[in-house]
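Listed below, chain by chain, are the residues.
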Amino acid sequence: MSSRQDSTPLTVLKGIGPALAEKLGKLGLRSVEDVLFHLPLRYQDRTRVMPIGALRPGMDAVIEGSLLGADVVMGRRRSLLCKIQDGTGTLSLRFYYFSAALKANLQRGSQWRCYGEVRPGASGLEIYHPELQNLDSSTPLPVNETLTPIYPSTEGLSQQRLRSLSEAALAWLAQGNSLPELLPTELLDDLEQAPLQEAIQLLHRPPPSIDLQALEEGRHWAQHRLAFEELLAHQLAMLRLRAQIRSREAPAMPPSTELSDAFLKHLPFALTGAQQRVGADISHDLQQRQPMLRLVQGDVGSGKTLVAAMAALQALEAGWQVALMAPTEILAEQHHANFSRWLAPLGISVAWLAGKLKGKARHNQLQMIATGEAAMVVGTHALFQDEVRFHNLGLAIIDEQHRFGVQQRLSLRDKGAAGRFSPHQLIMTATPIPRTLAMSAYADLDTSVLDELPPGRTPVNTVLVADGRRDEVIERVRAGCAEGRQAYWVCTLIEESEQLQAQAAEVTWQALCESLPELSIGLIHGRMKASEKGEIMAAFKNGDLHLLVATTVIEVGVDVPNASLMIIENPERLGLAQLHQLRGRVGRGSTASHCVLLYHNPLSHLGRERLSIMRESSDGFVIAEKDLQLRGPGEVLGTRQTGLVQFRIADLVRDADLLPRVQLVARQLQVSHPHNSQRLIDRWLADGQQFAQV
Ligand code: ADP
Ligand code: MG
C-alpha cells in the first residue's frame, strides 16, 4: 500500500501510545482519519433526565433518584432488585448478574443516575442491568449535551472505548487540524457541497435539537453528504479497476463464420431476438484490442448458455482458448456435456476440470489445457487455481457470477494468454441484479440484458402450503407422476454443512419412497461423487426417474424440460433470488408447471410477505427488487460471495437516488482531479479492500 497522504498516526491523540495504536490498527482503525470516518450506527438520547413518573414501557431513559435499598430476591431466577425514587415515582432496577461489590455499593439513600430500557416487570416498571453513575460525589456530574453515539461494534472494542476515541479525534479536529475537502465544488450541487467537517462532527455528536427521526432514517443532510462521498469513492475504485483492466491488450477476434454457421445449422430452434442482440454486443467487443468486460443478465431459462457458446465460437475460430467456469460441479458437468456435444462435430476438444478430479485424470486434463490440445475448457472454480496454465486463453466466461467474488474474477487476468494479452471476460448471471446494486457492484462492467424468454414457455403456478398438509402434497406428486410428469422435491437446510444437508435429504428420500412405492425416486446431493450425480441426472433427464429428491445443488442451471412439478420444503429459509432460481428448473416445457412452497408453520409476517411475492411474480427483476427492499443488499448478493463491500454510511436501498449523480460526478472527477480520486479511495476504502491487488 502506498503511504497515504491524509493519514495521521493515532499516537497524536491524547492517551494513545504506540502499543494501543498497534492494537487499534489490528482492528482496522489505523489513523485519526479512520476514527473520524468510523461513524455511529444509531444514537441514544441521554441528554434529558426523565421524571420516573413520566416513564412508559419501551423508553430508553435516563433517570436520577435515591435508592430505597437492594435485596436479593428469588424468582424464577435469582436477582438483585433495588427500588429507586425521585419524588415523581419509584422504579425497580434488576440485576441478574451482580457482584458482591455492586450490592455493597447500592446503599439505601445513595444517589444514582441510571440509563436503560424501561419495561414492565413483576413489580411495576423496571430497568434490567441499567448503566449506573453515582451522584454522591461533591462535583456534580454533567448530563450529556449531545446524543450518545452507538458505533458499529468492533471485536475487542467497547462502546465506551469507541466513544472516547472519537472524542479524542474530534478534539484533534477542534485544535485546528482539518479533514481536506476532496470534492471539487464546481462538480457539485448545493447539498453535496455541505462542509465535510461539520457533517462529521454532527454525526459523531448530534445536538439534542437535531431532527432525530431524519437521522434515524438516514435522511439528514450530514448523512447525505457523507453517503454521497462514500458512494463516490467506491465508484471511483471500480472505475479505476476498469481502467486498469482496459489498459491491457486483448486479442482482437474477427467474427466467426464457419464454426457459427455449422453450429446454428444443427440447432433445433432459432435464436431469440434478445440472444441475437446480446450476441452482437459480445461479438463487437471481441473484435476490439481491449479486453471485453461484459455482464450478461438474463432471467432463469433465458438461454444464456447459447450466448456463451456463440461467444466461444468466435474465440475458437480465431485460434484462442476459451474457459467456461460454473459455480457448482453439477452445472459445470452439464455445460461440459453440452459443449462437448456441440463442439465435437466441429473437431474441437473440450477439457474438464473440477476439484474432485484427481490423479492421472487430472494430470491429463491439465496437460491438454497447457498444450492447447483442448481449445475449450469447462470447469468449476478449480480453473482459478495456480497449477492451471493455459496455452493461449483468449476468452474467459463465468456463468452465474454472483457465486464468484470480484477477487476471483480479477485473478483470471493473470491467466492471460502468452504474457502480452489479457483475456476477454464474459460474465453471465441469472440472479437478476437490481439496477441500484448493479450500478454499484458491477460498475466496472458493461451490461447486456437477455430480456426475452424462448417461445413456448408456460408460467409456473406457485402455491403456498403449510407443512401440516404434507400428505396432500404427496398425493399431488403421486397424481402428477401417474400422468407422466416428473417432479423435484427440494430439501433445504440452514446448516452450511453438506453432510447434514445430505442426511436430511436422505431421510426425506426414504420417507417418500415409503409413501410412494409405485414411483421410482432418485436422490441427489452435494456429497455424492461427480459420476454418481451425473448418472442420477441422466436417469432423471431420460425419464427413468419420476421424482428427484435434491438439496439445493440443483439450484443453478439444471435443465430437464419434462419436469413440471416442484416441491420446495421450508422455502422460508431461502432468499427469494434463490427460490426463483430453483423454481426456474420447472416451466421449461410446454405443459403447465406448478411449484409448491411447503412452508413451516408458524410463518412470520415478513416470511409470508416474502413468499407471497413468489406467488405473485415470475419476473426475476421484480423479485430481486422486492427482496432487496425486504432484506438489504448484503443478503441479496451475499457480501462474502460478491466481494460487495460493506458501506460505512451509505445504504444502497435508501440512497439509491444518489447513484445517478454519483456515477456522473465520478466520471468527471476521475478525469479532472485524478489525484483527489485516489485520496477519496484511500479515505473510504480501508486498505483498498478488495481492490488491493489490482
Ligand atoms: P439459462 O442458463 O439462461 O437459465 P439455458 O441456457 O439453460 O438458460 O437455456 C434454457 C433452455 O432453453 C434450454 O433447454 C435451451 O436449450 C433452451 N433454449 C435456449 N435458447 C432457446 C431458443 N432460442 N429457443 C428455444 N429454446 C431455447
Ligand atoms: Mg444457465
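I will try to describe carefully the structure that is included in this document.

Rules behind the numbers
Numbers given to residues run from 1 along each chain, matching the order in which its sequence is written. Chain labels run from A onward and ligand labels from 1 onward, assigned in the order the entries are written. Since the coordinates come from a predicted model, pLDDT governs what is reported: local features require at least 70, and pairs of side-chain atoms require 80 or more to be given and counted, while whole-chain, interface and lining totals use all residues. To obtain the side-chain values, all non-hydrogen atoms of the structure were used and water was disregarded. Distances are taken per atom, and a residue is near a molecule or strand as soon as one of its heavy atoms is within 4 Å of it. Polar contacts, as used here, are pairs of N or O atoms within 3.5 Å; protein pairs need one atom able to donate a hydrogen and one able to accept it. Residues neighboring in sequence count only if both atoms are side-chain atoms. Residue burial considers only the protein chains on display, and all accessible areas are found by Shrake-Rupley using a 1.4 Å probe. Starting at the N terminus, helices and strands are each numbered in turn, a helix being any DSSP run of H or I of at least four residues and a strand any DSSP run of E of at least two. Working definition of a nonpolar core: buried Ala, Val, Leu, Ile, Met, Phe, Trp, Tyr and Cys residues. They are joined through side-chain atoms within 4.5 Å. Note on classification: 1.4 Å probe, protein chains only; a residue is buried when its accessible area is under 20% of the maximum for its type, exposed when over 50%, partly exposed between these limits. Contacts are assigned to residue pairs with any non-hydrogen atoms lying within 4.5 Å of each other. Counted as salt bridges are all cases of a side-chain nitrogen of Lys or Arg within 4 Å of a carboxyl oxygen of Asp or Glu. Pairing between strands is defined by DSSP: at least two bridges between the two strands are required. Throughout, an axis means a line fitted to C-alpha atoms (over the contacting stretch in the case of helices), and angles, computed between N-to-C directions, take values from 0 to 180 degrees.

### As for the site of ligand 1
Thought 1: Inspection of the region around ligand 1 gives 17 residues, with Gly301, Lys304, Thr305, Arg457 and Asp559 positioned closest.
Thought 2: A distance of 3.5 Å separates a nitrogen atom of ligand 1 from a polar backbone atom of threonine 272.
Thought 3: Between ligand 1 and the protein, one listed contact pairs a nitrogen atom with a side-chain N or O atom of glutamine 275 at 2.9 Å.
Thought 4: Taken by itself ligand 1 offers 560 Å² of open surface, and the protein chains cover 84% of this.
Thought 5: The biggest single contributor to the shell around ligand 1 is helix H10 (residues 304–317), with three residues.

### So, the nonpolar core
Thought 1: Among the nonpolar cores identified, the biggest contains 58 residues, and Leu36, Ile200, Leu226, Leu232, Leu680 and Trp684 are the most heavily contacted of them.
Thought 2: Of all the secondary structure elements, the ones that give two or more residues to this core are helix H1 (18–26), helix H2 (32–36), helix H4 (159–174), helix H5 (196–204), helix H7 (221–246), helix H22 (659–672) and helix H23 (674–684).
Thought 3: A per-element tally of this core places H7 first, with ten residues.
Thought 4: Excluding residues that lie within four positions of it along the chain, leucine 680 makes contacts with Leu182, Leu183, Glu229, Leu232, Ala233, Leu236 and Leu669.

### A look at the pattern of salt bridges
Thought 1: By the definition in use, this model includes 19 salt bridges.
Thought 2: With a closest N to O distance of 3.3 Å, arginine 48 and aspartate 45 form a salt bridge.
Thought 3: What makes arginine 48 exposed here is its relative accessible area of 52%.
Thought 4: Among the ionic contacts, a cluster of salt bridges with common partners joins Glu181, Arg225, Glu229 and Arg683.

### Description of the sheet that holds strand S19 (residues 547–550)
Thought 1: Read across the open sheet, the six strands follow the order S16-S21-S20-S17-S19-S18; overall the sheet is parallel. Each end of this open sheet is capped by a strand with a single partner; those strands are strand S16 (460–466) and strand S18 (521–524). Taking the axes of each pair of neighbouring strands and ignoring which way they run, one obtains an average angle of 20 degrees across the sheet.
Thought 2: Sheet topology note: the S16/strand S21 (residues 593–599) ladder contains seven bridges and is parallel. Bridged to valine 463 within S21 is valine 596.

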